[in-house]
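Letter by letter, the chains look like this.
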Protein chains: 4
Amino acid sequence: MRGVNKVILIGNLGRDPDVQFLEGNIAVAKFSLATTETFKDRAGKLISQTEWHTVVLWRGLAELAQKYLHKGSLVYIEGRLRTRSWEDKEGNKKFATEVVGDNLVMLDKRMDLNNQDHPIAHHSGSGSGSGDNYSGLDIPPSLNEPADDLPF
Amino acid sequence: MRGVNKVILIGNLGRDPDVQFLEGNIAVAKFSLATTETFKDRAGKLISQTEWHTVVLWRGLAELAQKYLHKGSLVYIEGRLRTRSWEDKEGNKKFATEVVGDNLVMLDKRMDLNNQDHPIAHHSGSGSGSGDNYSGLDIPPSLNEPADDLPF
Amino acid sequence: MRGVNKVILIGNLGRDPDVQFLEGNIAVAKFSLATTETFKDRAGKLISQTEWHTVVLWRGLAELAQKYLHKGSLVYIEGRLRTRSWEDKEGNKKFATEVVGDNLVMLDKRMDLNNQDHPIAHHSGSGSGSGDNYSGLDIPPSLNEPADDLPF
Amino acid sequence: MRGVNKVILIGNLGRDPDVQFLEGNIAVAKFSLATTETFKDRAGKLISQTEWHTVVLWRGLAELAQKYLHKGSLVYIEGRLRTRSWEDKEGNKKFATEVVGDNLVMLDKRMDLNNQDHPIAHHSGSGSGSGDNYSGLDIPPSLNEPADDLPF
DNA sequence: TTTT
DNA sequence: TTTT
């Protein structure tokens, strides 16, 4: 209660997403995302800093990732932090912090504009990226209020 | 597609929320929210700057607002911007930008911790804020994945 | 004090930015930004909703806008809401809500990768988008801590 | 360039902050923060989920943490993710993901309202928390534009 | 491991 | 007025 746990990332995939299907045919996608920020240090020198994040997507978002994302894709991810812990075979306690995505926006689909036939990278062929209803890019606010009949 | 429109506010209600019910018994709440930020200007002087926002909540969130929020309440609102336009009686074009909330977190309920019986302010008596299941404070990610059986 | 007023947008410029210089040679840029979100309504139908925002940038960010942004540019803007009011000549009270940007990330510069010579749109010639040091894209956290000598 | 790495948290400190001073008298604070989100699972059952984060603050923010934060404090933190890795004595590779805070807003100072003399917890006495100008809570946008002489 |  |  009374908590907020929100992450917003824009970055590039380091590899193609790893997608798996659990029982019930539930898709889960996982990939590394690099966010690079540039800023000036105290001396005014330009510093570029890259951070790697593990992103996990479920269900519909995982399926979108499978269809449209690949190594190098630029994406906006909104989600929350989750830290998992376990013991490895030697009994060492391990931790991993992941970003579980609630929303995904693809930012380089625009490539298609210039170049409909050859999406920028080695998709696995399939019928991917074309067409224009990779609907649900946003899986957003399930709020859809009645039209503009606000009584104010 | 490919868009993001997100607002995050923490501030205090300027008045009790105005709640109305549309056909279908759909609740809509509206209130002014003051966000005050403090920072230093170029000269190092401390500046306090208050901005007023119009917040609109629908359905369940509007009902929570009606039950638990009042003048002075401190809240976290996450939502999106929406600008409406219309003509007033004199035919002047008018604009109003509102924040339509998708998520609400009440930040001063904690009062209850110290003082279960007298929430900090003049609630309308009702069965207000006590108890600890004013559930649904967050109306968040409808993502609920299977437990920790991630195959990675 | 105790307030937050934050806006995060990803969208396209409706027109080239309008850039002006105030006394002291302070740059101010202003433009309209369209954010389009797609989601399913209660009936499962795909709805696309575009919202227009007025974005204002100051100083260095305004200069970046002047150099690199144009009609159609896809950008990430982080900023805060500010509502201004005034009276027009007829004495009508007017309001305008703007997003004052604190951070700007250009999301389609990538165009340059494919096509160094013809940025996607009619830049004003100048020495625009090429080169790779349109530094300061991010004008971010002026926090730059000492290297990784954290004592924990 | 072209990246965003942003985290927004609202939660409670699990313990008093651990504050240290590095050479140059640079303060660094570190603490665990619990964010609890409540939502309904697929079956409509109310689920409460707590996530623990490691938060690191530098310089002025660390000093504020030292003065005003303690076990149980409710805070808003805005920052970015940083993952550090190292090898422990046994040569095992270890990872730790932290939230490096760029902004801090204290959300329960209001306690003072009800109870000026006994802030909710064992402060180190110092006369701190009272008064109402623990200014600089926000250390925000170093943008401070000239007053409202926008030429638009 | 990405990207500029 | 943008973009898909």
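Residues numbered from 1 in each chain as written. Chains lettered and ligands numbered in written order. Predicted model: local features only at pLDDT ≥ 70, side-chain atom pairs only at ≥ 80, totals over all residues. Heavy atoms only, no water.

**Some thoughts on the overall build of chain A**
Right, so step 1: What chain A contains, in helices and strands, is 2 helices and 6 strands.
Right, so step 2: Along chain A, from the amino end to the carboxyl end, the secondary structure elements read β-β-β-β-α-β-β-α.
Right, so step 3: Pairs at least 24 residues apart make up 61% of the contacts formed inside chain A by residues separated by at least 6 positions. (Helix = DSSP H or I, 4+ residues; strand = E, 2+ residues; numbered from the N terminus. Contact = heavy atoms within 4.5 Å.)

**Description of the environment of Glu37 of chain C**
Residues and elements named next belong to chain C.
Right, so step 1: Position of Glu37 relative to the elements: it lies in strand β3 (residues 26-40).
Right, so step 2: Judged by its relative accessible area of 13%, Glu37 falls in the buried class.
Right, so step 3: Taking the C-alpha atoms as reference points, Glu37 and Leu64, 27 residues apart in sequence, are found 26 Å from one another. (Buried < 20%, exposed > 50% of the residue type's maximum accessible area, 1.4 Å probe, protein only.)

**Observations concerning the side chain of His53 of chain C**
Right, so step 1: Along the chain, the position of His53 of chain C falls in strand β4 (residues 46-58).
Right, so step 2: By relative accessible area, which is 5% here, His53 of chain C ends up buried.
Right, so step 3: Here His53 of chain C is in contact with Asn5 and Leu81 of chain B together with Leu9, Phe31, Ser32, Leu33 and Thr35 of chain C, once residues within four sequence places are set aside.

**Here we look at the environment of Asn5 of chain D**
Right, so step 1: Inspection of the secondary structure puts Asn5 of chain D in strand β1 (residues 4-13).
Right, so step 2: Considered as a pair, Asn5 of chain D and Gly44 of chain D are 39 residues apart in the sequence and their alpha carbons are 33 Å apart.
Right, so step 3: With residues up to four places along the chain from it excluded, the contact list for Asn5 of chain D reads Ile8, Leu9, Thr35, Glu37, Glu51 and His53 of chain A together with Gly79, Arg80 and Leu81 of chain D.
Right, so step 4: A polar contact of 2.9 Å, which involves the side chain of Asn5 of chain D, links it to the backbone nitrogen of Leu81 of chain D. (Polar contact = N/O pair within 3.5 Å; in protein donor to acceptor, adjacent residues only side chain to side chain.)

**Remarks on the pairing of strand β5 (residues 74-87) of chain A**
Each regular strand carries side chains that alternate between the two faces of the sheet.
Residues and elements named next belong to chain A.
Right, so step 1: Taken across its 14 residues, β5 has 10 buried, putting it largely inside the fold.
Right, so step 2: Two strands pair when backbone bridges link them, and strand β1 (residues 4-13) and β5 are joined in this way by 6 bridges, in the antiparallel orientation. Residue pairing for β5: Ile8 is matched across the bridge by Glu78.
Right, so step 3: Here β5 pairs with strand β6 (residues 93-106) via 13 bridges, running antiparallel. Bridged to Ile77 within β6 is Leu104.
Right, so step 4: A loop of 5 residues connects β5 with β6, the two strands running antiparallel in sequence, and Gly91 in this loop sits at a positive phi of about 85°. (Pairing = 2+ DSSP bridges.)

**Remarks on the confidence of the model for chain A**
Right, so step 1: When pLDDT is averaged along chain A, the result is 77, and 70% of the positions lie at 70 or above.
Right, so step 2: A low-confidence stretch, residues 111-149 of chain A stays under pLDDT 50, and its non-local contacts, those more than four residues away or across chains, total 76 contacts. (pLDDT = per-residue confidence, 0-100.)

**A look at the pattern of salt bridges**
Right, so step 1: Per the counting criterion, the structure on display carries 24 salt bridges over all chains.
Right, so step 2: Between Arg82 of chain C and Glu98 of chain C there is a salt bridge, and its shortest N-O distance comes to 2.9 Å. Taken as a pair, Arg82 of chain C in strand β5 (residues 74-87) and Glu98 of chain C in strand β6 (residues 93-106) lie far apart in primary sequence, 16 residues in all.
Right, so step 3: Between Lys6 of chain D and Glu78 of chain D there is a salt bridge, and its shortest N-O distance comes to 2.7 Å. In this pair, Lys6 of chain D is assigned in strand β1 and Glu78 of chain D in strand β5 (residues 74-87), connecting sequence segments 72 residues apart.
Right, so step 4: Residue classification places Lys6 of chain D among the buried residues on the basis of a relative accessible area of 9%. (Salt bridge = Lys/Arg side-chain N within 4 Å of Asp/Glu carboxyl O.)

**Observations regarding helix α1 (residues 59-68) of chain C**
Right, so step 1: Of all the residues in α1 of chain C, the buried ones are Arg59, Leu61, Ala62, Leu64, Ala65 and Tyr68 of chain C.
Right, so step 2: Tucked inside the fold, the buried residues of α1 of chain C contact β2 (18-22), β3, β4 and β6 of chain C.

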